[in-house]
Every structure is written in C-alpha cells, then in structure tokens.
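Below are the chains, spelled out letter by letter.
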Amino acid sequence: MAWFKKARKPIASSSPDKPSRVPEGLWVKCPGCSQIIYNKDLERNLGVCPKCAHHFRIGAVERLRTLLDGEWEEHFKDLTSTDPLEFTDTKPYRDRLRVTKKNTGMKDAVVVATGRLDGLDVVIAAMEYAFIGGSMGVVVGEKIARAVEMALERREPLIIVSCSGGARMMEGALSLMQMAKVSAALARLDRARLPFVSVLTDPTTGGVTASFAMLGDVNLAEPKALIGFAGPRVIEQTIRQKLPEGFQRSEFLLEHGMLDLVVDRRDMKATIARTLRFMRAEPAPVPEAPMAAAAAVDSDQP
C-alpha cells in the first residue's frame, strides 16, 4: 500500500480536438549557439543567427531575393524530368518527383533567372536543396547549360549558387553526363571573356563540386559550408583515419587554396558586385614615360 494518497485529481490536459492558441513556427533554435530566435528576426537577418552568425539553409527563391534588386524574370521553369530509367528504390522515382514538386512548388532543383545585382545585369542560377537534396539530374544540367548560353547571348556575367548533394542517382549515368555538359558550356563562356562567379553554400558535394561549382573565375563560399566530393564519414571509413578538425568546411578549403574568399551572406551581394565591377573594368592607359615626354618638348624648341 502506498504511503501517500492522491488528494486531488491531476490537472486534465487540453483536449486534442481543441486548437492551441499559440501559433506554431514562430521561433527557431539555432544549432550553433542554441539561441531561440524569432523567425521574423531571422528572415530580416537573411537567415543568419544574430548571436553566433550561424548560416541557416535558405531556398533558391530566398537566395534570389538576397542577391537581386527588386523583381527578376525566371526562365526555363517548365522543364521537368521524364524518369528516363523508370527507376525504383524504396518507391518509384516518378512518385518521388510528384511528391517533391507538390511540396516545393518547383519542377526541379534549380531556378534560373535574370535581373540586376546592385545595378548590374546578370544571369543567375540558384539550386534548391529541398528538391531531392538539390541533386543534379538531366533537368538541372540542361537549365544550367541554358543559363550559360543565355549569358553568352546577352553578354552578361553568370552567377551560380550551389547547394547540392551531388548527381541524382535515380537518373544514373545521364546525371553524370551533366558534369561534362555544363563544364563544356562554361569553357565557351571563358573563351568569350565573360565573368563566372561561383557561390558555394552548405552543402556543395559530389558531382556538383567536381564540375561547375569549382570552375568559377572567382569561387566564393559561405562560412562553415560543407564542400567536398565524398562526405567526411565515407572518407574516414575508407582511409580508417580521423580527419582534421573542420575538414571540408569552407575555412579549411580557403586555407588550402581551393577557394578565393569566405563571405558572410549579409555581405555576399556587395562582394559579388565589387568583384564583377573589377572584372569588367577597362585596363588603365599606360602613362607616357617622363623622359620621352621631355625629349618631345626639347625637339619642338628651335
């Protein structure tokens, strides 16, 4: 027999049928410092924690809003995969595509747009991680290749914001072919002497890293972004060694010469604009040598 008795009935919990008065999704916990942040404040800060500067992942449309002035025009938005291999793993690829399209409101994992960045006309492609991990399939490769062709036709700089888990395994070798396809298109852009700025965000891995993400005239990255080909866990299991602290993070790659600059998201727009203005600047005229000028003056005298 228990030595105490329940004198009162426990407080009844609220009925599950009764809606809560407290709205959900107003706050988010920062994984970097555990700070509780009001969602509106986080949006105003471009998805960067105001306390520890942790960079939250943002979608392709939000990315365009942070980089472009006002409105922009989207291109090739109706391209969609046809499931060429009729692939099935835990569920058919066709069903996976249908569900992802419904959840994201997008046809595939990249948005190509034209607009103005700090007054400069640009062609920009931003990848969407929420669409099957931002994986690169036939449609992603085709849209980015068309973005390159558009930049060539319009004689405008190209910006690609990468956020991807790599090639899309559900499309097999067809997805791997996009690496060569986009790289060849970027070679034509290079021969035309048009700037290509590559922005690498968390994560940028696999076939995307092995192709266009690292081919920029200038390669920029956000702080602590995971960038590499194989993931760190795969590498550790393969070589059976502990990897260095911060391995495959953007600061590590900058230190080892694989990046040009690590830029806070809040400064990214200004940094890209400054880079593009520098790259398109006309070379300064060579000043006339002082001795030659003096000789010319002397020769004019009787």
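Residues numbered from 1 in each chain as written. Predicted model: local features only at pLDDT ≥ 70, side-chain atom pairs only at ≥ 80, totals over all residues. Heavy atoms only, no water.

> If you had to explain the packing of aromatic side chains to someone new, which residues and values would you point to?
In total, this model carries 2 aromatic pairs according to the counting rule given. Aromatic side chains Phe247 and Phe252 sit 5.3 Å apart centroid to centroid with 65° between the ring planes, which places their arrangement in the edge-to-face category. According to the relative accessible area criterion, Phe247 is partly exposed, its value standing at 23%. Sitting over the face of the ring of Tyr129, Arg57 holds its NZ or CZ atom 4.5 Å from the ring centroid. (Phe/Tyr/Trp six-rings, centres within 6.5 Å; stacked < 30°, edge-to-face > 60°. Buried < 20%, exposed > 50% of the residue type's maximum accessible area, 1.4 Å probe, protein only. Lys NZ or Arg CZ within 6 Å of the ring centre and 35° of its normal.)

> Explain unusual backbone geometry to me, and be specific about the residues and the numbers.
A cis geometry characterises the amide bond from Asp202 onward to Pro203, with omega recorded as -10°. Mapped onto the elements, Pro203 comes out in strand S7 (residues 196-205). In this structure, Ala53 is a non-glycine residue whose phi angle is positive, near 65°. Position of Ala53 among the secondary structure elements: in the loop between helix H1 (39-44) and helix H2 (60-67). Relative accessible area serves as the criterion here: at 31%, Ala53 is assigned to the partly exposed category. We note that Phe76 has phi near 60°; this positive angle belongs to a residue other than glycine. Structurally, the position occupied by Phe76 is in the loop between strand S3 (73-75) and helix H3 (93-104). The partly exposed category is assigned to Phe76, whose relative accessible area is 23%. (Helix = DSSP H or I, 4+ residues; strand = E, 2+ residues; numbered from the N terminus.)

> I'd like a rundown of H3, residues and numbers included.
Relative to the 16 Å expected for 12 residues at 1.5 Å per residue, H3 spans 16 Å between its end C-alpha atoms, a close match to the ideal helical length. For H3, the full list of buried residues reads Tyr93, Arg96, Leu97 and Thr100. Buried positions in H3, seen along its axis, are confined to an arc of 100° and lie on one side of it. Counted as exposed and oriented over 90 degrees from the buried face of H3: Arg98 and Lys102. Of the residues trailing H3, Gly105 is marked for its positive phi of about 70°. (Expected span 1.5 Å × (residues − 1). Arc of directions from axis to C-beta.)

> Explain the layout of surface pockets to me, using residue names and the numbers behind them.
In this structure, the largest pocket encloses a volume near 320 Å³. Lining the largest pocket we find 18 residues, and of these His54, His55, Pro223, Lys224 and Ala225 sit closest to its centre. For the lining of the largest pocket, a count of residues per class yields 7 nonpolar, 4 polar and 7 charged. Per-domain counts for the lining of the largest pocket show at least three residues from each of domain 1 (1-57) and domain 2 (58-278). Along its surface, the second largest pocket is lined by Asn39, Leu42, Glu43, Leu46, Gly47, Phe56, Arg57, Ile58, Glu62, Arg65 and Thr66. Residue assignment for the lining of the second largest pocket shows that the elements contributing at least two residues are H1 and H2. The two domains that each donate at least three residues to the lining of the second largest pocket are domain 1 (1-57) and domain 2 (58-278). (1 Å grid on protein atoms, 1.4 Å probe; cavity = no way out; pocket = protein on both sides within 12 Å on 5 of 7 lines; lining within 4 Å. Points joined across faces, edges and corners; volume = space filled by probe spheres on them. Nonpolar A, V, L, I, M, F, W, Y, C, P; charged D, E, K, R; others polar. Domains from an automatic or database assignment.)

Interpretation in functional terms is not warranted from these geometric data alone.
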